[in-house]
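# Observations on the model geometry
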Amino acid sequence: MSGFGVINKFGSIRVGIDIPTIEVRYEHLNVEAEAYVGSRALPTFLNFVTNMVESFFTSLHILSGKKKHVTILKDVSGIIKPRRMALLLGPPSSGKTTLLLALSGKLDPSLKLSGRVTYNGHGMNEFVPQRTAAYISQHDVHIGEMTVRETLAFSARCQGVGTRHDLLSELARREKEAKIKPDPDIDVYMKAAATGGQEASLVTDYVLKILGLDICADTIMGDEMLRGYNKILVYTLFKQYLVLLLINQMSSGLFRAIAALGRNMIVAGTFGSFALLVLFALGGFILSRNDIKDWWIWGYWISPLMYGQNAIMVNEFLGNSWNHFTPNSNKTLGIQILESRGFFTHAYWYWIGIGALIGFMFLFNIIYTLALAYLNPFEKPQTAITEESKGGMPDRRAREDELTRLVMWSKAIYKVNVLYTNQENWLSELERLIARNKQLIAELGNPAPGSKDLHFPTQYSQSLLVQCLACLWKQHWSYWRNPPYTAVRFLSTTVIAVMFGTMFWGLGGKYSSRQDLFNAIGSMYNAVLFMGIQNSTSVQPVVAIERTVFYRERAAGMYSALPYAIAQVIIELPYIFVQATSYSVIVYAMMGFEWTIGKFFWYIFFMYFTLCYYTFYGMMAVAITPNHHVASVVSAAFYGIWNLFSGFVIARPSIPVWWRWYYWACPVAWTIYGLVASQFGDITNVMKSENKSVQEFIRSYFGIKHDFIGVCAIMVSGFAVLFVLIFAVSIKAFNFQRR
């Protein structure tokens, strides 16, 4: 026991200080809930969709709910005495966590609670339970970049130090009056605190000493990230940089708001991509303002990117560099460019954009704050309740067995307490155990006479094929029962397809002008970019968790790295196929592309393999990095590079020669090339605004040829295979497990 602990336990008694204690009583406690039982309680893809539809119709009183009444705790009573450790035992799903949450005042409001819980005779409504008791989860929720000391100091700053400092001060005073020599540690800290304003620091050091954390007080708490990074913003006086600065701050607030509203990494990532898709598609760059449908024009006016983009555009194209007239026109070149793409042509739109960005910045941060304050985490997965055990308590024999185990554990704890109270007995018992262990080591270290070394003909008990089938079977259930990943991704894809169809309604068959063609190609570019990034980011936390399980099972000799990698890749293929097919059918029909077997096949082909290589790229990024946080940072850099060299933002003929090589190394560029060539590369209709055919225009402007489709197909599928191979090799070669 530390010096602080001795003083707290014995020194205070010697000088007559009575430390406050709390006795917790709970009487006739009952907790009930409405929940699905049996197979409906399993978190499968089908149940996720069924429950969502059923909840909708139940809220309209069209259907009656299928949830059953379940009793979690029934007539539970007991007392938790102060200065004692209480051991709570019970089988899985017996209500241990529910009882602890009820006692600490953290029970889910959706549960029905009855009975009485008191702290020193006071009901839970007479004080703030969270200031008196805490439920400590098994998951670490600390800031990884802070030290142990800083973490406790932060808690002291937020919650105060209570009466602990006063107790220590009073203890030191009474010991001095009683001429009791104080503990040297407490004496040093009290002298340090005498300078004033050091109460929080003193109590922090006091807690560190009691918990034995003083030796690692200045150690980083740590998390999955090795280190964070700082973002430096350079403020300049140029108007263009001011817009970029505000866009950066607005986007930071937007991402924080999405994370707080999503409350789950996969859900936030999926619907964050969905929100960005809306803001980006209706910001005036992908789809011209003049071509936005009436039923979507509201999205244009609420898009922060629209205001930022118009501010940048008018600031640039109304400047002196563009203030000259072209032949046969009474408008400057800058105004002509702005009008051709549907941007505003008045200088005051710069200040409108600045004001709007400031407003959005405050709005998103307010949403972020309110979401943290009022939204609770999503409910955690719970054990499925079978029909046979629903509503019933264990029989009498089971209760007797449980009581017997409880008594045995109580006796064991009592013996441990006795050992701790008698130091001499404890030391002698420890020495006896050490001697016995040494004797066992010596005996077991020598093989028995006639024994042989263990030998196995193969490293793994099953063949490669059996390992692959077993891993695939496991992955099937892992994916099928992970609706936050599979179902949310499918539903968001369907919603995005319908949105794109309504945004770009009928534009697939329009190519009489340059802007018409840009609109159609913009829909392809937008879909590839956002759906691909969504797949890549959403798969990363899933693979990171699966990889942790893989490390443990591989160490146990269950299977090798190759079957795991094969199963992880194969299980994605049918889900991606359903995703790509549903999107392609909806968008192809609503946009009005030409209905031929060849063109429709190529559209699905390129969408499918594009989603494949994005998904496998996300898996690969996790495999070559320590965790999915680092993988997301690394991936984000390549997303930006792929976007820049996709051939839409800057057409290939306009890319500088010394950078053009990366266009051919960019997988997104091959996708855009294949989609554009397959849909428009063979159209010989003359474009009225260009005086040339569609085929000639895309060849001269984008550098795209129709007879290159086959090469595009090989390259797009080749990138998917390449990322799969790197993923498999990395899984086998790298091991980032630290414990």
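What follows is about the overall build of the protein chain. The number of helices and strands found in the protein chain is 26 helices and six strands. Here the protein chain, with 739 residues, has 38% of them falling under the buried criterion. Contacts in the protein chain between residues at least 24 apart in sequence constitute 78% of all its contacts with a sequence separation of at least 6.

To continue, consider the packing of helix 20 (residues 572-591) against helix 21 (residues 597-623). For the pair helix 20 and helix 21, interaxial distance at closest approach is 9 Å and the crossing angle is 140°. Our classification of the angle between helix 20 and helix 21 gives oblique. Considering only the axes of helix 20 and helix 21, their crossing is right-handed. Residues Glu572, Leu573, Ile576, Phe577, Gln579, Ala580, Tyr583, Ser584, Val585, Val587 and Tyr588 of helix 20 pack against Lys599, Phe600, Tyr603, Ile604, Met607, Tyr608, Leu611, Cys612, Thr615, Phe616 and Met619 of helix 21. Class assignment for the residues of the contact of helix 20 with helix 21 results in 17 nonpolar, three polar and two charged.

Further remarks concern the nonpolar core. In this structure, Phe500, Leu517, Tyr583, Tyr614, Phe680 and Phe727 are the most contacted members of the largest nonpolar core, which totals 130 residues. By size, the runner-up hydrophobic cluster in this structure holds twelve residues, among which are Tyr26, Leu73, Ala102 and Val117.

The next subject is the environment of Ala356. Structurally, Ala356 is set in helix 13 (residues 349-374). Classification of Ala356 as buried rests on a relative accessible area of 17%.

This part takes up the sheet that holds strand 1 (residues 24-35). Pairing in this open sheet of four strands is antiparallel, and the strands run 2-1-3-4 from one edge to the other. Strands with a single pairing partner mark the edges of an open sheet, and in this sheet they are strand 2 (68-80) and strand 4 (122-123). Direction of pairing for strand 1 relative to strand 3 (residues 112-119): antiparallel, over a ladder of seven bridges. From the neighbouring strand, Glu32 faces strand 3, where its bridge partner is Lys112.

Next up on the list: the environment of Ser461. The topology assignment puts Ser461 in the loop between helix 15 (423-444) and helix 16 (464-480). A residue is classified by how much of its surface remains accessible, and Ser461, at 66% relative accessible area, is exposed. Separated by 98 residues in sequence, Ser461 and Tyr559 place their C-alpha atoms 8.4 Å apart.

Here the focus is the environment of Cys612. Within the secondary structure, Cys612 is located in helix 21. In sequence terms Cys612 and Val716 are 104 residues apart; their C-alpha atoms lie 9.3 Å from each other. Those residues in contact with Cys612, other than ones at most four positions away along the chain, are Leu573, Ile576 and Ala720.

This part is about the packing of aromatic side chains. The full count for this structure, using the stated rule, is 61 aromatic pairs. A centroid spacing of 5.8 Å and a plane angle of 25° characterise the contact between Phe360 and Phe364, whose relative ring orientation is stacked. Here the residue Phe360 and the residue Phe364 both occupy positions in helix 13, the gap between them amounting to four residues, near one helical turn. Accessibility assignment for this pair places Phe360 and Phe364 in one class, buried. Seen from their ring centres, Trp659 and Trp661 are 6.1 Å apart, and the 20° between their planes marks the pair as stacked. On the basis of relative accessible area, Trp659 is assigned to the partly exposed category, the value being 42%. Connected via pairs of aromatic rings, a cluster forms that spans Tyr613, Tyr614, Tyr617, Phe638, Tyr639, Trp642, Phe719 and Phe723. One cation-aromatic arrangement involves Arg256 over Tyr368; the distance from NZ or CZ to the ring centre is 5.9 Å. Just above the ring of Phe344 sits the side chain of Arg289; from NZ or CZ to the centre is 4.3 Å.

Right, let's get into the packing of helix 11 (residues 304-317) against helix 12 (residues 333-340). Direction vectors running N to C along helix 11 and helix 12 enclose 155°, while the axes themselves pass 9 Å from each other. Here helix 11 is positioned roughly antiparallel relative to helix 12, judged by the angle of their axes. Counted together, Met313, Val314 and Phe317 of helix 11 and Gly334, Ile335, Ile337 and Leu338 of helix 12 form the full contact between these two elements. In the contact of helix 11 with helix 12, the residues fall into six nonpolar, one polar and no charged.

Our next topic: the pattern of salt bridges. Per the stated rule, a full pass over the model turns up nine salt bridges. Here Lys599 and Glu594 are joined by a salt bridge, their closest N and O atoms 2.9 Å apart. For Asp682, the salt bridge is made with Lys599, and the minimal N-O distance between the two is 3.2 Å. Here Asp682 is found in the loop between helix 24 (667-680) and strand 5 (686-687), whereas its partner Lys599 is found in helix 21, with 83 residues between them in sequence.

Turning to helix 8 (residues 239-262), a few remarks are in order. With 24 residues, helix 8 extends 34 Å from end C-alpha to end C-alpha; this agrees with the ideal 34 Å at 1.5 Å per step. Every buried residue of helix 8 is listed here: Val243, Leu245, Leu246, Met250, Ser251, Ser252, Gly253, Leu254, Ala257, Ile258, Ala260 and Gly262. Among the residues trailing helix 8, Arg263 stands out with phi positive, at a value near 60°.

Moving on to helix 22 (residues 628-644). Given 3.6 residues to a turn, an α-helix orients residues that are three or four positions apart in the same direction. Taking 1.5 Å per residue, 17 residues should reach 24 Å; helix 22 reaches 24 Å between its end C-alpha atoms and fits that length. Every buried residue of helix 22 is accounted for by His628, Ala631, Ser635, Tyr639 and Trp642. Relative to the axis of helix 22, the buried residues are bounded by an arc of 75° and lie together on one face. Where helix 22 begins, the side chain of Asn627 points an oxygen toward the backbone nitrogen of His629, at a separation of 3.0 Å.

So, how was this worked out
Residues numbered from 1 in each chain as written. Predicted model: local features only at pLDDT ≥ 70, side-chain atom pairs only at ≥ 80, totals over all residues. Heavy atoms only, no water. Helix = DSSP H or I, 4+ residues; strand = E, 2+ residues; numbered from the N terminus. Buried < 20%, exposed > 50% of the residue type's maximum accessible area, 1.4 Å probe, protein only. Contact = heavy atoms within 4.5 Å. Axes fitted to C-alpha atoms, helices over the stretch in contact; angles between N-to-C directions. Parallel < 35°, antiparallel > 145°, perpendicular 65-115°, else oblique. Left-handed = near helix turned anticlockwise from the far one by under 90°. Nonpolar A, V, L, I, M, F, W, Y, C, P; charged D, E, K, R; others polar. Core = buried A, V, L, I, M, F, W, Y, C linked by side-chain atoms within 4.5 Å. Pairing = 2+ DSSP bridges. Phe/Tyr/Trp six-rings, centres within 6.5 Å; stacked < 30°, edge-to-face > 60°. Lys NZ or Arg CZ within 6 Å of the ring centre and 35° of its normal. Salt bridge = Lys/Arg side-chain N within 4 Å of Asp/Glu carboxyl O. Expected span 1.5 Å × (residues − 1). Arc of directions from axis to C-beta. Polar contact = N/O pair within 3.5 Å; in protein donor to acceptor, adjacent residues only side chain to side chain.

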